[in-house]
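One letter stands for each residue in the lines below.
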Amino acid sequence: MNSSTQSKRPREDDVLECYLYPRFSYTLSADQVTEDALRQEIEAYEKDCEPYIKDYLWHRDGLEFRPRTKQALQFESVVEGTSRATEFDLLPHIHVLLRFDEDIGDEWFVVFLIQKLTKKYEGLIARMVDSDGEFLMIEAADELPVWATPETCQNRVFMMNGALHAVQDKQKICINILNSVYQRSHIFKLSDKVQAVIQKRISIYPDEIQRRKHKARAYLPVKAAYILRKRPELISSIVRSVCHSDPIERKVCRAMRYFPPEQRVMANVQMTKCLYAMATHCKYTGDPRTGWNLPPVTSPKYASTLLGIKIACGLEMLLSLAQARRKKPTSTGEINEEAWTAFLKRLEATGYFRELLEGSKEREMLLEQAKKYYTENLGANDIAKKVENTEGESLLELYNEILSNDVEIEVEDTCNLSPEDSDSWLNIDPAQLEALLGQQFGIPSKANDQPMALQDKVQAFINQKSDIDGVQFYGENENESSNTLKDLDDSGRIDFDPDAFDTALRGILDLVVPGGDGEFDGSSEGSLGDDDEDPHGELDKYMKLLDSQLVAAGNRPAVPEKVEGNLLESIKEEAGGSGPLGNILGGPIERLKHINLTEEAKE
């Protein structure tokens, strides 16, 4: 399907891509939508998002809106080696690319912000996709209509007016799809249950912005403490740098050229819970030859000292990398003629120059625009590299500021520091885990369940018909509009406990088996039933004792006729061979056969 909404999956895992279509982007022709118009829209979006993101600590990338005009999309397609031949593929929009890596909270925070924007700006339509595809539909999978499959929903899920919409009809022109969503919203809007799932997922914001933070103490080299005081947002890159580093990258930490361990101070460090968990579980403890003097594990300063070592080493690696990049010769302002010629040929093949004569004013103008895009983007066209280079340069400037100005770093007394947050949330017991899973996935707590009696479950299970996939048991609480079977992993499944089942069946039949659990160990089913080999053995003793108990059971409850009938019918159907009932019940069925044989003999 050729469509502008059929964008490629993100190039790496844990990446969110958003495509924002203001009203004018799908009502005007693609050539009429200018970069200035998109930038004006971006300024408004940034102003609305500012109150939420000013105190937000991003895990990796920050929120950045980028304009994409038809011309820019043509250039990108040439750089990527793809073909965007139709107007559909060149529909102007505003683009967001966010790498959230280990912290999925960043992804849902952006969903929260974009929902806010679609509510405020009339006609703004957004599409969001991550490494898994249409993740919003995945989140609401249990509430989707029957027709909504991964194939039918791909590239056809949009958010408008804060609500999720899905286009089922097979239109292939992007501008028509967007206009249909805008003009016939009531047709494509998904059910209230779907909306509720998404709303529940993002309802934790904006309160979650503060809840996700964690304040820790770290025993840091003085220069590291100064840098983090000036640029606290660097903690994300620092922690990720040390946690994802390899032995080769850690070689620079042997000398600690920039952040030596000789002079250190205790400082408060603000980070997210995700970053703190990563730093805590990172096994790296610094090079022992550096002289970190790590205290014993039992010392109250052990955790803060170890965290300070990891932060200092992360900063050392970042600064060393930035210095190495600065020393590399650059070709700023120069163009690689061979690459530039190949780029022009690909542009020509896409029809970018519109068969204009060489030397004409219009062609020269297009050529100048292509050259500007090439020099600004090619060679550093990866947004990730741009961000990292900018961050590295910023860190170098800050470090040079310390050296050139001989900055005096204020050393706070430990007792004057604000208390660190408890990290008890790192440890979780099984009950808490079950509660969290139940809250997240709607699994009811076992303590609140009202399960049917085990005897009733046995009877209902035996009554079920099975196919090649086995018996599927209906849950006690069926959805009002659904008659389909629930998955065996959901809240309607039977948790089969063999020991409890055997106990329940003994209660039904009221049997008392002589001896302990190991009495018949080593005996096979065949040897128990072979009278020729053991005419006066354990089986005779067992059957006689069983007979005497059945005769004396006059005041005991009888075997329920319905259960007995179901069991006998299943046994007859299996005709002594293997089957579901025989495989599951095993020994209890054999005992039931002997009971009936004994009763028939007595009659």
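Since this is a predicted model, take the numbers as computed values, not measurements.

Novice: Explanation requested: the overall build of the chain in the structure shown.
Specialist: Scanning the chain for helices and strands turns up 24 helices and 10 strands. Long-range contacts, defined as pairs at least 24 residues apart, comprise 77% of the intrachain contacts of the chain with a sequence gap of at least 6. Just so you have it, the chain exposes about 34700 Å², and 49% of that area is on carbon and sulfur atoms.

Novice: Any chance you could explain the packing of helix α11 (residues 235–243) against helix α13 (residues 302–327) here in plain terms?
Specialist: Axes are the key here: two packed helices are described by the angle between their axes and the distance separating the axes. Their axes nearest at 8 Å, the elements α11 and α13 cross at an angle of 95°. With respect to their mutual orientation, α11 and α13 come out roughly perpendicular. Here Ile235, Ser237, Ile238, Ser241 and Val242 of α11 lie close against α13, whose contacting residues are Lys310, Ile311, Cys313, Gly314, Leu315, Met317 and Leu318. By residue class, the composition of the contact of α11 with α13 is eight nonpolar, three polar and one charged.

Novice: In this structure, what is going on with the pairing of strand β4 (residues 125–130)? I would like to understand it.
Specialist: Moving residue by residue along a regular strand, the side chains alternate between the two faces of the sheet. Among the six residues of β4, six are classified as buried, and the element is accordingly described as predominantly covered. Covered by surrounding structure in β4 are Ile125, Arg127 and Val129 together with Ala126, Met128 and Asp130, the residues of both alternating faces. Pairing geometry for strand β1 (residues 15–21) and β4, over six bridges, is antiparallel. Bridge assignment links Leu20 to a residue of β4, and that residue is Ala126. In this structure, β4 lies alongside strand β5 (residues 157–160), joined through two bridges in antiparallel fashion.

Novice: For this particular structure, what's the right way to read the pattern of salt bridges?
Specialist: Pairing is possible between side chains that carry opposite charge, provided their charged atoms lie close to one another. Inspection of the entire model under this criterion finds 15 salt bridges. Here Lys70 makes a salt bridge to Asp31, at a shortest N to O gap of 3.4 Å. Taken together, the positions of Lys70 in helix α2 (residues 70–80) and Asp31 in the loop between β1 and α1 (35–53) put the pair 39 residues apart, joining distant regions of the chain. Lys70 gets classed as buried once you look at its relative accessible area, which sits at 13%. Ionic pairing is found between Arg60 and Asp101, a salt bridge with its closest N-O pair at 3.0 Å. Of this pair, Arg60 sits in the loop between α1 and β2 (65–68) while Asp101 is found in the loop between β3 (93–99) and α3 (105–120), placing the two residues 41 residues apart along the sequence. Residue Asp101 is classed as buried on the basis of its relative accessible area, which comes to 13%.

Novice: I keep staring at α3 and nothing clicks. Help me out?
Specialist: Residues separated by three or four positions in an α-helix point in the same direction, a consequence of the helix having 3.6 residues per turn. The first and last C-alpha atoms of α3 sit 23 Å apart over 16 residues, in line with the 22 Å expected at 1.5 Å per residue. Judged by how many residues are buried, α3 sits mostly within the fold: 13 of 16 residues are covered.

Novice: It is not clear to me how the packing of aromatic side chains should be interpreted in this structure. Could you clarify?
Specialist: The geometry of two aromatic rings is summed up by the distance between their centres and the angle between their planes. For the structure on display, the rule yields 14 aromatic pairs. With 5.4 Å between their ring centres and 90° between their planes, Tyr258 and Tyr399 make a pair best called edge-to-face. Linking Tyr258 in the loop between α11 and β8 (264–272) with Tyr399 in helix α16 (residues 383–405), this pair joins segments that are 141 residues apart in sequence. Assessed through its relative accessible area of 6%, Tyr258 is described here as buried. Tyr399 gets classed as buried once you look at its relative accessible area, which sits at 5%. Ring centres of Tyr276 and Trp425 lie 6.0 Å apart, and the angle between their planes is 55°; this geometry places the pair in the tilted category.

Novice: Looking at this model, I keep getting lost on the sheet that holds β2. Mind explaining?
Specialist: The strands that make up a sheet pair up through hydrogen bonds in the backbone, lying either parallel or antiparallel. The strand order β2-β3-β1-β4-β5-β6 describes an open sheet built from six strands, whose pairing is antiparallel. What marks the edges here is a single partner per strand, and that holds for β2 and β6 (163–166). With direction set aside, neighbouring strand axes in the sheet form an average angle of 30°. Packing against the sheet, α1 makes contact with β1, β2 and β3, and its axis sits at approximately 165° to β2.

Criteria and cut-off values
Residues numbered from 1 in each chain as written. Predicted model: local features only at pLDDT ≥ 70, side-chain atom pairs only at ≥ 80, totals over all residues. Heavy atoms only, no water. Helix = DSSP H or I, 4+ residues; strand = E, 2+ residues; numbered from the N terminus. Contact = heavy atoms within 4.5 Å. Areas by Shrake-Rupley, 256 points an atom, 1.4 Å probe, with all protein chains shown as cover. Axes fitted to C-alpha atoms, helices over the stretch in contact; angles between N-to-C directions. Parallel < 35°, antiparallel > 145°, perpendicular 65-115°, else oblique. Nonpolar A, V, L, I, M, F, W, Y, C, P; charged D, E, K, R; others polar. Buried < 20%, exposed > 50% of the residue type's maximum accessible area, 1.4 Å probe, protein only. Pairing = 2+ DSSP bridges. Salt bridge = Lys/Arg side-chain N within 4 Å of Asp/Glu carboxyl O. Expected span 1.5 Å × (residues − 1). Phe/Tyr/Trp six-rings, centres within 6.5 Å; stacked < 30°, edge-to-face > 60°.

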